[in-house]
Structure formats: C-alpha cells, structure tokens
Amino acid sequence: MVNILEDSKIIELFYERSEQAIVELTRKYGHIFTKVADNILNNKADAEECVNDAYLGAWNTIPPKKPERLLSYVCRIVRNQAIKKYHANTATKRNSTYDIAFEELEGCFPNLTLVEEQYSAKETARYIDKFLEGLDKESRIMFVRRYWYADSVADIARMFNTSSHNVSVKLFRIRDRLKKYLLKEGVTL
C-alpha cells in the first residue's frame, strides 16, 4: 500500500526544493488534475502537457506561496493552463464539451471587452461567490463541477446517481437564479 502524504508535508517538500514534492503531488492528485485538463481540452496528450506545465507552475510559485488548499491551488493552475491551450487549439474550430458548458453560462455574465470593465469582473465574481454560498450543497457541487471543472452532465449525473435530464434541469434553474440574482445586484448582463 502506498503512503499518501498530507498536503502540508507536500508543501514542506516544495519549500525544501525536493523533486519528491512533484512525485507526491502526482500520486495524490494527478488523476484529478488530468481529469480537469481533459474535460476542457478533450485531448489526452494536451491534458498531460497542461498538467506537466501546472507542476512547473506550482514548483515556481511554492515558495513563496504557501497555499491553504493545495488541491484547489494546483487545480487553478491546471485549469488556467488548459484554458490557454484550449484557446490556442480552437482559434478556428470548436470543442463541444467545453464550449457547451460555457455557452450555458453566457447570459449570466457581462461581456468584458474594455479595460475599465475589469473592476466589474472582480465585483461580479464576489456576487457569484455569495450566490454559491446560498445554494444547497448538491446544487453548489453540481454548479462547480460543471462550470469550474467542466465535467459533462452525464458525469455529474453518475456522481449524484440521477439522470442527465435531472442534472440539466437543475443546472438550468441554478443559472436562471444566478442571472436574476446578478441583475438584482445591479450587474449589467
């Protein structure tokens, strides 16, 4: 049986500049990182490349950073790498898995084309966080799995032992509530 290190021990390895930190990070969370990247890219080779780039990103930022939640911290790096790769790969073509998930959210967010709207994006993010805090646990998990991790509706349905239709309906209702909430808060969509 393989001994899985606690996150704090893995972070200590990063601070010691021990390459074992990457080995332990991969052992503990590698499958999650790969799934996040593959959900966005729908390409195993590109997903693996993004995960490796994320490991380098973690190596270069820990230290000085000392993340409270190692999984979330590195998942964010993986996701950002995958989104960059996705945009590079799809300059002229579409990747239905990722596009569909974000087309679903399209009406819930302002179109940020001007620099002065960047402040609005941060404020909108705060409103979304507050909205998510008000959801029941199942709804919050479904929303995050779909729109952060880019899980398919079918994967989420299996996770919750329900039908894809039920998940789609629930996500539609959550998006509708989010849109109404943001409009109430004065966010121009």
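Sequence positions are assigned chain by chain, starting from 1 and proceeding in written order. Two thresholds apply to this predicted model, a pLDDT of at least 70 for residue-level local features and 80 or more for giving and counting side-chain atom pairs, whereas whole-chain, interface and lining totals are computed over all residues. Side-chain figures throughout are based on the complete set of non-hydrogen atoms in the structure, without hydrogens or water.

It is not clear to me how the overall build of the protein should be interpreted in this structure. Could you clarify?
Within the protein one finds nine helices and zero strands. Secondary structure follows DSSP: runs of H or I at least 4 residues long count as helices, runs of E at least 2 residues long count as strands, and numbering of each begins at the N terminus. Seen in sequence order, the protein has helices and strands lined up from the N terminus as α-α-α-α-α-α-α-α-α. Partly exposed residues are those whose accessible area sits between 20% and 50% of the maximum for their type, while under 20% is buried and over 50% is exposed, using a 1.4 Å probe and protein chains only. Taking all 189 residues of the protein together, 39% fall into the buried category. Contact criterion: two residues are considered in contact whenever any of their non-hydrogen atoms come within 4.5 Å of each other. Counting only contacts in the protein whose residues sit at least 6 apart along the sequence, the fraction spanning at least 24 positions is 62%. About 11400 Å² of surface is accessible on the protein, with carbon and sulfur atoms providing 52% of the total. Using a 1.4 Å probe, accessible areas were evaluated by the Shrake-Rupley method; residue-level cover was limited to the displayed protein chains.

Help me out: how do you make sense of the pattern of salt bridges in this one?
In a structure, side chains of opposite charge can pair up when their charged atoms sit close to one another. Within this document, salt bridges are pairs made up of a side-chain nitrogen of Lys or Arg and a carboxyl oxygen of Asp or Glu, the two lying within 4 Å of each other. In the structure shown here, the tally under the stated rule is eleven salt bridges. Here Lys-35 ties to Asp-151 by a salt bridge, and the two come within 3.8 Å at their closest N and O atoms. With a gap of 116 residues between them, Lys-35 in helix α2 (residues 20-41) and Asp-151 in the loop between α7 (137-147) and α8 (153-159) connect regions that are remote in the sequence. Given a relative accessible area of 33%, Lys-35 falls into the partly exposed group. By relative accessible area, Asp-151 is classed as buried at 1%. One network of salt bridges, with partners in common, ties together Lys-35, Arg-145, Asp-151, Asp-155 and Arg-158.

Is there a simple way to think about the side chain of Asp-38 in this case?
Following the sequence through the fold, Asp-38 ends up in helix α2. Setting aside anything within four residues of it in sequence, one finds Asp-38 in contact with Asn-43, Lys-44 and Ala-47.

What's the story with the packing of aromatic side chains in this structure? I'm lost.
Pairing of aromatic rings covers Phe, Tyr and the six-membered ring of Trp, with a centre-to-centre limit of 6.5 Å; geometry is then stacked below 30 degrees between planes, edge-to-face above 60, and tilted otherwise. Evaluation of the coordinates by the stated rule reveals five aromatic pairs. Taking 6.0 Å as the distance between ring centres and 70° as the angle between the ring planes, the aromatic pair formed by Phe-33 and Tyr-55 counts as edge-to-face. Of this pair, Phe-33 sits in helix α2 while Tyr-55 sits in helix α3 (residues 44-61), and the two are 22 residues apart along the sequence. When the ring centre of Trp-59 is taken as origin, the NZ or CZ atom of Arg-17, which lies over that ring, is 4.0 Å away. Two conditions define a charge sitting above a ring: the NZ of Lys or the CZ of Arg must be within 6 Å of the ring centre, and it must be within 35 degrees of the ring normal.

That's the geometry; what it means functionally is another story.
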